[in-house]
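Here is how the chains run, residue by residue.
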Amino acid sequence: MSDTSMVSWSLADAAQKLDASQISSVELTRHALDLIKARDGELGCFLLVDEKGALAAAHASDARRRAGGALGPLDGVPLAIKDLIVTEGLVTTAGSRILEGYVPPYDATVVKKLKAAGAVLLGKLNQDEFGMGSSNENSAYKPCRNPWDLTRTPGGSSGGSAAAVAAGLCFGALGTDTGGSIRQPASFCGITGLKPTYGRVSRFGMVAYASSLDQIGPMARDVESTAMMLGALAGFDERDATSVNAPVPNYLQGLDGDVRGLKIGIAKEYFGEGIDQDVRDGVDRAMSALKGRGAELIEVSLPLTPYAIATYYIIATAEASSNLSRYDGVRFGPRRGEGEGLVAMYEKTRGELFGPEVKRRIMLGTYVLSAGYYDAYYLRAQKVRRLFSEDFNRAFEQVDVIICPTTPTPAFRLGEKVSDPLQMYLNDIFTVSANLAGLPAMSLNCGFSKEKLPIGVQLIGKPFDEQVILRTGYAIEEDVP
Ligand code: GLN
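Residues numbered from 1 in each chain as written. Predicted model: local features only at pLDDT ≥ 70, side-chain atom pairs only at ≥ 80, totals over all residues. Heavy atoms only, no water.

1. Here's the deal with empty space enclosed by the protein
Here is the rule: Method remark: on a 1 Å grid restricted to protein atoms, a set of points is classed as a cavity if a 1.4 Å probe fits but cannot get out and as a pocket if it is open with protein on both sides within 12 Å along at least five of seven lines; lining residues have an atom within 4 Å of a point. Grid points are joined across faces, edges and corners, and a volume is the space filled by probe spheres set on the points. Following the grouping adopted for this structure description, the nonpolar residues are Ala, Val, Leu, Ile, Met, Phe, Trp, Tyr, Cys and Pro, the charged ones are Asp, Glu, Lys and Arg, and the polar ones are all others, Gly among them.
Tallying each qualifying case throughout the model produces one cavity of 30 Å³ or more. By volume, the largest cavity is sized at about 80 Å³. In this structure, the largest cavity is lined by 13 residues; those nearest its centre are Gly133, Gly179, Ser181, Tyr312 and Asp428. When grouped by side-chain class, the residues that make up the lining of the largest cavity number three nonpolar, eight polar and two charged.

2. A closer look at helix H12 (residues 356–369)
Stated formally: Numbering of helices and strands starts at the N terminus; helices are DSSP runs of H or I of at least 4 residues and strands are runs of E of at least 2. Take the residue count of a helix, subtract one, and multiply by 1.5 Å to get its expected span. Between two residues, a contact is recorded if the distance between any of their heavy atoms is within 4.5 Å.
Between its terminal C-alpha atoms H12 stretches 20 Å, which fits the 20 Å expected from 14 residues at 1.5 Å a residue. Structurally, H12 contributes buried residues whose contacts are with helix H10 (308–323), helix H11 (342–353), helix H13 (374–398) and helix H14 (421–426).

3. Quick word on the side chain of Asp107
Filter applied, for reference: Under the rule applied, a polar contact is a pair of N or O atoms within 3.5 Å (in protein, one hydrogen donor and one hydrogen acceptor; residues adjacent in sequence only if both atoms are side-chain atoms).
On the secondary structure map, Asp107 appears in the loop between strand E2 (78–82) and helix H5 (109–116). Separated by 2.7 Å, the side chains of Asp107 and Lys115 make a polar contact. Other than its neighbours up to four places away in sequence, Asp107 contacts Val86, Thr87, Glu88, Lys112, Lys115 and Phe204.

4. Remarks on the pattern of salt bridges
Where we set the bar: The term salt bridge refers to a side-chain nitrogen of Lys or Arg lying within 4 Å of a carboxyl oxygen of Asp or Glu. Working definition: with a 1.4 Å probe on protein chains only, accessible area under 20% of the residue-type maximum means buried, over 50% means exposed, and in between means partly exposed.
This structure, assessed with the given rule, holds 23 salt bridges. Between Arg152 and Glu451 there is a salt bridge, with the nearest N and O atoms lying 3.4 Å from each other. In this pair, Arg152 is assigned in the loop between strand E3 (120–125) and helix H6 (159–166) and Glu451 in the loop between strand E10 (441–448) and strand E11 (454–461), connecting sequence segments 299 residues apart. Overall, the relative accessible area of 7% leaves Arg152 in the buried class. For Glu451, a relative accessible area of 54% translates into the label exposed. Within this structure, Asp149, Arg152 and Glu451 form a network of salt bridges that share partners.

5. Here we look at the packing of aromatic side chains
Inclusion rule: Centres within 6.5 Å are what make two rings of Phe, Tyr or Trp a pair, Trp counting through its six-membered ring; a difference in plane orientation under 30 degrees is then read as stacked, over 60 as edge-to-face, and the rest as tilted. Only when the NZ of Lys or the CZ of Arg is both within 6 Å of the ring centre and within 35 degrees of the ring normal is a charge said to sit over the ring.
Under the counting rule described, the total for this entry stands at 15 aromatic pairs. Centroid distance Tyr270 to Phe430: 5.3 Å. Interplanar angle 25 degrees. Geometry classified as stacked. Placement of Tyr270 in the loop between strand E7 (263–267) and helix H9 (277–292) and of Phe430 in the loop between H14 and helix H15 (432–436) is noted, with a sequence separation of 160 residues between them. In this pair, the class of Tyr270 matches that of Phe430, namely buried. Three or more aromatic residues link up through ring pairs in this structure, and these residues are Tyr102, Phe130, Tyr327, Phe332 and Phe354. Against the face of Phe412 rests Lys417, its NZ or CZ located 4.9 Å from the ring centre.

6. Re the sheet that holds strand E4 (residues 172–177)
For clarity, the cut-off: The pairing criterion is simple: DSSP has to find at least two bridges between the two strands. In this description, a line fitted to the C-alpha atoms serves as the axis of each element, helices being fitted only across the stretch in contact, and the angle between N-to-C directions of two axes falls anywhere from 0 to 180 degrees.
Strand order in this open sheet of 11 strands is E1-E3-E2-E4-E6-E5-E10-E11-E9-E7-E8, and the pairing throughout is mixed. Only two strands of the sheet have a single partner each, and these edge strands are strand E1 (46–49) and strand E8 (296–300). Taking the axes of each pair of neighbouring strands and ignoring which way they run, one obtains an average angle of 30 degrees across the sheet. Judged from the five bridges that link them, E7 and E8 form a sheet pairing that is parallel. Residue pairing across strands places Ala267 opposite Val300, the latter belonging to E8.

7. Brief notes about the pairing of E10
Among the eight residues in E10, seven count as buried, and that is most of the element. Here six bridges tie E10 to E11, and the two strands are oriented antiparallel to one another. The residue of E11 that forms the bridge with Ala441 is Ile460. Linkage of E10 to E11, two consecutive antiparallel strands, is achieved through a turn of five residues, within which Lys452 is found at a positive phi near 65 degrees.

If you want it as structure tokens, here you go:
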């Protein structure tokens, strides 16, 4: 078995080969570590590689398997974690200088769950600072490149996660999604990424960006692998007050390609001007595949779509300005202006260690929350947010799942939008609504552009109906390889 064959394996393939004793976890892990050494210099996916920890976990997994006590399908599979998620004893920076060298004293619930499932954790993945961005260019440490074209961005903010999975440096990764940060990079890198329903996966131990929108979710090569990871991550957590106590279904069930009678909504507002023709063609291919398998395509309307970006960027920045007030040089990370008085220390620490986009968001958020503007911006945005949910509720009276593009264009070039924040924000037009309404949504590949760049199609489901999204995605994947 050659190295190149392993690069093309999905997480599900790796799990199956482990199960059949065709390969050991140590072999898989060594392979991943070698590949990281060989390729990550140019890709920039990892902020930290925990070689020792990963190999120790792999040895332990192999020993369990030999004793006949594998913990489940993820036992022994090398995965990696976005650096916005805390890991006990492993530096967690959130992509920011303000947390440089910060070693969390505990694991996020999702990390605990992956460890309990036997997964091998390779390290921490690059991202936009605090999850703020759509290109990974706001990482305070280094850029990350798209493995399909090194001159292009992998998307963001979970750019390191998407690029690492696409390049085969790990078999799956955790991402976080506040306004599209799992789905947009998944789309740009040709992989699958799922943002679960708000409350489905614990946020305990996720460095908060905008708490009412944030969710952690799986990113992997294909739908089956994504379903396997979601099964390990989902569930109630008393440490997250917004976590919902609902049973976790078997997400692998129903992945059989049968979508007969399924009602698929085509949101007409998502197919307007400004969409790249290749993206349109890709989504068309996915829709034809579903139709060919007996699904029913029905036009629905989500009339508030034009207001999604404005609403999202008011709510997200407002919450961010509050969440980020905790980084003051006192409790976490490095300190500047020591001995110059408390106010000078706050100012210097925050002034020197937050990046420009984070400062922009804090200022925007502080502005929309300030006396005199609160009603006009924040309160109004909250009311519009409610209307987004009502829009979706109406659509879901008619259909089971909604299909649309994930992004208006394939991956753009590094540097192309970074000096124009508004252009960058507009890239999130199709992803933010699902966060505003708390709905589950997944991006999966539906082919390539003329320039050989991956195209993503997005599926949005009813609350806690990740199953229908996975089932629909699986059927698309069967026909659109
Ligand atoms: N690009 C969006 C933002 O910058 C979404 C980020 C995310 O989902 N974390 O806010």
